[in-house]
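In case you want the letters, here they are:
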Amino acid sequence: MYQAIFFDLSGVLYTGNAAIPGAVEAVAQAQRSRLAIRFVTNTSRRTSNQIIGDLKNLGFDIPPEQLYTAPIAAKQWVKEHQLRPYCLIHQSIVPEFSDLDQQNPNAVIIGDAEENFCYKKLNYAFQLCKAGAPLIGIGCNRYFKLDDQLHLDAGPFIKAIEYASSSTPIIMGKPSADFFKQIVATTGVSENSVLMIGDDIFGDVQGAIKAGLSGCLVKTGKYLKGDELLIQEKFHIAGTVAEAVNLALNQVREEPD
Ligand SMILES: [Mg+2]
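Once a new chain begins, its residue numbering starts again from 1 and follows that chain's sequence as written. With the structure being a predicted model, the display of local features is reserved for residues of pLDDT at least 70 and the display and counting of side-chain atom pairs for 80 or more, all residues being used for whole-chain, interface and lining totals.

A. Spotlight on the environment of asparagine 123. Strands here are runs of E lasting at least two residues and helices are runs of H or I lasting at least four, both read from the DSSP assignment and numbered beginning at the N terminus. One can find asparagine 123 in helix α4 (residues 119-130). Buried residues are those with 20 or more other C-beta atoms within 10 Å of their own C-beta, exposed residues have 12 or fewer, and partly exposed residues lie in between; C-beta atoms are placed from the backbone. For asparagine 123, a count of 12 C-beta atoms within 10 Å corresponds to the exposed category.

What follows is the structure in structure tokens.
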């Protein structure tokens, strides 16, 4: 039996400003169950408190201790390594990093900076990394869906700096196995009894499987027809998160179809 469910947020619980039909009830049902619940997101345009508030407005009741975000993981990493990061991040999460020493930077953090991405700033990030500063990525997603359109996420920009500087990025957030394992460790269950539910075939499903978890792809959010053919690993497929929760709560864990 599965002993924990990890939920991706965007595209699984909501798209744009609307909850996906059945998602509020499905999450509440999962939270009432015996399973450990975690919400795992690379969302890097909102602080943790803002995310919890946004979800509350949509009807989701998420306790702070169940939320694991990539920006917080990245921040934790530079703190543990006592580094001073140059933060190329979204304007809205700048406050979440304001307590870090960012003078004379010796590390680079790149997230989904949106309008903050420009040649001058990317070039500065390149120069720091070329000189040896570690490159930390907040997630490495290729794109995300907003207002019915796909938009560039942090991944392509991280890859650009990686390519130019020949550095190896440290990815905090999905699909990093270390990120998944850190969160599994907070549940007290083993990796192979965790089901990760997501709409990103690479970041959510393949990333989770590579970390030893099971994956379930939902056909909402950024899902595009044919995504299920893009990876070789075995995983579950569900129409929506409600169907995925049902699967997790009722199915004896076995090899996915
Ligand atoms: Mg998603």
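B. Region of the structure containing the environment of glycine 155. Structurally, glycine 155 can be placed in helix α5 (residues 155-165). The buried category is assigned to glycine 155, around which 23 C-beta atoms lie within 10 Å. Between the alpha carbons of glycine 155 and isoleucine 171 there is a distance of 9.6 Å; along the sequence they are 16 residues apart. By definition, residues are in contact whenever their C-beta atoms, placed on the basis of the backbone, come within 7 Å of each other. Residues in contact with glycine 155, not counting those within four places in the same chain, are Cys140, Asn141 and Arg142.

C. Highlighting unusual backbone geometry. Look at the link from lysine 174 to proline 175: it is a cis peptide, with omega at 5 degrees. Within the secondary structure, proline 175 is located in the loop between β11 (170-172) and α6 (177-185). Residues other than glycine seldom take positive phi values, yet asparagine 104 does so here, at roughly 45 degrees. Note on placement: asparagine 104 falls in the loop between β6 (85-88) and β7 (107-110). In this structure asparagine 104 comes out as exposed when scored by C-beta crowding, with 7 C-beta atoms within 10 Å.

D. Up close: the nonpolar core. Core membership is restricted to buried Ala, Val, Leu, Ile, Met, Phe, Trp, Tyr and Cys residues, and these are joined into a nonpolar core through C-beta atoms within 7 Å. Counting residues in hydrophobic clusters, the biggest one holds 74 residues, and the most contacted among them are Ile5, Val108, Ile109, Ile110 and Ile197. If we ignore the near neighbours within four places in the chain, the residues touching isoleucine 5 are Ala30, Leu35, Ile37, Leu195, Ile197, Val245 and Ala248.

E. The arrangement of the sheet that holds β6 in detail. Here four strands make up an open sheet; going across it, the order is β6-β7-β8-β11 and the pairing parallel. Taken across any chain shown, the strands that pair with only one partner, and hence form the sheet edges, are β6 and β11. Geometrically, the sheet is characterised by an average inter-axis angle of 20 degrees between neighbouring strands, direction not taken into account. Relative to β7, β6 is paired through four bridges, and the arrangement is parallel. Counterpart to cysteine 87 in the pairing with β7 is isoleucine 109. Under this scheme, a helix contributes an axis fitted over its contacting stretch, all axes are lines through C-alpha atoms, and angles between N-to-C directions fall in the 0 to 180 degree range. Lying over the sheet, helix α3 (residues 70-80) contacts β6, β7, β8 (135-138) and β11, oriented at roughly 160 degrees with respect to β8. What makes two strands pair is DSSP finding at least two bridges between them.

F. Representation of helix α8 (residues 241-250) in the model. Those residues of α8 lying buried are Val241, Ala244, Val245 and Ala248. In an axial view of α8, the angular spread of the buried residues amounts to 100 degrees, which keeps them on one side of the axis. At its buried positions, α8 is contacted by β1 (4-7), α1 (23-32), β12 (194-198), β13 (214-218) and β14 (236-238). Taking the helix axis as origin, the arc is that swept by the directions to the C-beta atoms.

G. The sheet that holds β1, seen in detail. One open sheet holds the six strands; their spatial order is β5-β4-β1-β12-β13-β14, and the pairing between them is parallel. Only two strands of the sheet have a single neighbouring strand rather than two, namely β5 (67-69) and β14. Taken over all neighbouring pairs, the strand axes of this sheet differ in orientation by 25 degrees on average, direction set aside. As defined by bridge partners, β13 adjoins β14 across three bridges and the pair is classed as parallel. Bridging across to β14, cysteine 216 finds its partner in histidine 236.

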